[in-house]
Amino acid sequence: MKKLSLYSLTMGGFSIGMTEFMMMGVLPDVANSLDITIPVAGHLISAYALGVVIGAPLMVALAGNFPPKKVLIGLMLAFGLFNSLFAIAPGYEWLVVARLFAGLPHGAFFGMGAVVASRLAEPGKEASAVSVMFAGLTIANIIGVPLGTYIGHNYSWRISFLIVGVVSLMAAGSVKLWMPVIPVTNNSSFLESLGIFKKMDMWLIIGVSAIGTGGLFAWISYIAPLMTEVAGFESNMITIIMIIAGVGMAVGNFMGGRLADRFSPIVTTGFLLLAMILSLLIVSLVSHYKVSAIIMTFVTGSIAFAVIAPMQMLMINTAKGAEMLASSSMQASANIGNALGAFLGGLPLAAGYSYTSPEYVGAALAFTGLVLCVILYVRLNKPASLAFQTVK
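For the structure given in this document, a descriptive report is provided here. Computed from a predicted model, the values in this text were never measured in an experiment.

## Overview of the overall build of the chain
A tally of regular secondary structure across the chain gives 19 helices and zero strands. Compactness check: the chain gives a C-alpha radius of gyration of 20 Å against a globular reference of 21 Å for 392 residues, within 12% of the reference. Along the longest, intermediate and shortest principal axes, the C-alpha atoms of the chain span 60 × 45 × 35 Å. Expressed as a percentage of the 392 residues in the chain, the buried residues total 59%. Pairs at least 24 residues apart make up 85% of the contacts formed inside the chain by residues separated by at least 6 positions. When the accessible surface of the chain is totalled, it reaches about 15,400 Å², and 72% of it is carbon and sulfur.

## What about the packing of aromatic side chains?
With the rule as written, the count across this model stands at nine aromatic pairs. When the centroid spacing of 6.1 Å and the interplanar angle of 10 degrees are considered together, the rings of Phe21 and Phe217 count as stacked. Taken together, the positions of Phe21 in helix α1 (residues 2-34) and Phe217 in helix α11 (residues 214-220) put the pair 196 residues apart, joining distant regions of the chain. Summarising the aromatic geometry, the rings of Phe197 and Trp203 are spaced 5.7 Å apart at their centres and angled 50 degrees between planes, so their arrangement reads as tilted. Take Phe197: its relative accessible area is 18%, and that puts it in the buried class. Following the ring pairs from residue to residue traces out a cluster consisting of Phe21, Phe217 and Phe305. Over the face of the ring belonging to Phe86 we find Arg99, whose NZ or CZ atom lies 5.7 Å from the ring centre. Sitting over the ring of Phe233, Lys290 keeps its end group 5.4 Å from the ring centre.

## Description of unusual backbone geometry
Of all residues except glycine, most have a negative phi; of all peptide bonds, most are trans. Backbone geometry places Asp35, a non-glycine residue, at a positive phi of 60 degrees. Inspection of the secondary structure assignment puts Asp35 in the loop between α1 and α2 (38-41).

## Comments concerning the packing of helix α15 (residues 290-306) against helix α16 (residues 308-318)
Running from amino to carboxyl end, α15 crosses α16 at an angle of 10 degrees, the nearest separation of the two axes being 5 Å. The orientation of α15 relative to α16 falls into the category roughly parallel. Every residue of α16 that contacts α15 at Ala304, Phe305 and Ala306 is listed here: Ile308, Ala309 and Pro310. Among the residues forming the contact of α15 with α16, the class breakdown is six nonpolar, no polar and no charged.

## Points about the pattern of salt bridges
On inspection of all chains with the given rule, the structure shows one salt bridge. Its salt-bridge partner being Arg379, residue Asp201 comes within 2.6 Å of it at the nearest N-O pair. Residue Asp201 is located in helix α10 (residues 200-212), and its partner Arg379 is located in helix α18 (residues 357-380); the two are separated by 178 residues in the primary sequence. Assessed through its relative accessible area of 2%, Asp201 is described here as buried.

## So, α18
The end-to-end C-alpha separation of α18 is 35 Å, in line with the 34 Å expected for 24 residues at 1.5 Å each. Regarding α18, the residues found buried are Ser357, Pro358, Glu359, Gly362, Ala363, Leu365, Ala366, Gly369, Leu370, Leu372, Cys373 and Leu376. Buried positions along α18 lie against α10, α11, α12 (223-230), α14 (265-286), α16 and α17 (323-350).

## What about the environment of Ser287?
Tracing the chain through its elements places Ser287 in the loop between α14 and α15. The buried category is assigned to Ser287, whose relative accessible area is 2%. Contacts of Ser287, omitting those with residues within four sequence positions, involve Leu226, Val230, Ala231 and Ala293. Separated by 2.6 Å, the side chain of Ser287 and the backbone oxygen of Val283 make a polar contact.

## Some details on the side chain of Ser174
In this structure, Ser174 sits in helix α8 (residues 157-178). Since its relative accessible area comes to 5%, Ser174 is described here as buried. Apart from residues no more than four positions distant in its own chain, Ser174 is found in contact with Ser8, Met11 and Met179.

## Section: a nonpolar patch on the surface
On the surface, Leu50, Ile54, Leu58 and Leu62 cluster together into a nonpolar patch covering about 370 Å² of accessible area. Mapped onto the elements of the fold, Leu50 is located in helix α3 (residues 43-63). Residue class for Leu50 comes out partly exposed when judged on its relative accessible area of 45%.

## Looking at the packing of helix α7 (residues 126-154) against helix α13 (residues 238-262)
Two elements in contact, α7 and α13, have axes separated by 8 Å at closest approach and are oriented at 175 degrees. Between α7 and α13, the angle is such that the two are roughly antiparallel.

## Focus on the environment of Ala41
By the secondary structure assignment, Ala41 is in helix α2. Accessibility expressed as a relative area gives 0% for Ala41, which makes it buried. Spatially, the C-alpha atom of Ala41 lies 35 Å from that of Thr268, the residues being 227 residues apart in sequence. Once residues within four sequence positions are removed from consideration, Ala41 is found in contact with Leu27, Ala31 and Ile36.

Each value, and the rule that gives it
Residues numbered from 1 in each chain as written. Predicted model: local features only at pLDDT ≥ 70, side-chain atom pairs only at ≥ 80, totals over all residues. Heavy atoms only, no water. Helix = DSSP H or I, 4+ residues; strand = E, 2+ residues; numbered from the N terminus. Rg over C-alpha atoms; globule rule 2.2 N^0.38 Å. Buried < 20%, exposed > 50% of the residue type's maximum accessible area, 1.4 Å probe, protein only. Contact = heavy atoms within 4.5 Å. Areas by Shrake-Rupley, 256 points an atom, 1.4 Å probe, with all protein chains shown as cover. Phe/Tyr/Trp six-rings, centres within 6.5 Å; stacked < 30°, edge-to-face > 60°. Lys NZ or Arg CZ within 6 Å of the ring centre and 35° of its normal. Axes fitted to C-alpha atoms, helices over the stretch in contact; angles between N-to-C directions. Parallel < 35°, antiparallel > 145°, perpendicular 65-115°, else oblique. Nonpolar A, V, L, I, M, F, W, Y, C, P; charged D, E, K, R; others polar. Salt bridge = Lys/Arg side-chain N within 4 Å of Asp/Glu carboxyl O. Expected span 1.5 Å × (residues − 1). Polar contact = N/O pair within 3.5 Å; in protein donor to acceptor, adjacent residues only side chain to side chain. Patch = residues over 30% accessible without salt bridge, like charges linked within 9 Å, V, L, I, M, F, W, Y side chains within 5 Å.

Shape descriptors only; they carry no functional weight alone.
Written out as structure tokens, the structure reads:
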């Protein structure tokens, strides 16, 4: 039953991953259909990320002390509704609004789901259990995103997002059937839970997530034009390229979970951010060649997703007593990285620079996240700091 419970979270992650990353693959199609530029269409990516940032703490606050199972079902139903509305929205302004609302349940689902997964896991395997939930994102990038991208290229991107609505309903049903009733263990009020943000360590983790993960989104937000305009692939190859990226993400996701269980989450996170910097710089240099561009698509996807489970566990371990809020805040901060990466990565494009320029922006964001990670590591391993936190 525990495995089925984790798989129900995987299905929810699949629907979220499909709508989040499919937009990158169909971005040129959306731009053409709306008669707007690709950087302007990229604002739909930022709108979704903003919805996640707003929705993560808001949904947790509204959920209060409701059983996690009921909340997860409600979040999936809302997610399906707003994605369906996005699919039928008539114009750009309505699409932005629908995309914003579609992002609202994202952070709360993953935040609450990560805590539930860690509770269902065997001792010492919490990060691996969390990675099972996030496997939904990677499976989406192997199956859902390429399928949606193909449909978007050859038929209509609106059909792709209607499919997301259907999958979300299936995810809600799987949670209802397979998820056990998990008692609410947090008796603190929402205002009391907000006390975790008085800790400097919390803000450092948020900074690592918000800025460091921007490297991923600066790269993947514009992967379609990078591959067609720089590497020279035909547009019908984007589907296969997204599958390769998805396979890399799947490998990296489980690798990150195992590394975090074997080593400390903070060391794993720092190592992976350093690897991300190097990978993005290499992408910018070798994307003119098709073979190397494909290889680095796999490698960069692996590194980018390997960091998710370690950072999630780092946040949960730091916020004892307010895990739901903290875990959801991690999703909000990661989507600040989404918005930063998509927005900042688009600036050099709007200024007329090459489609390799977002990779330099992404490397700078990952480097900033690494610096914050080093500061956090020093604080966590400083005896005086640990003594102070124990007294607190």
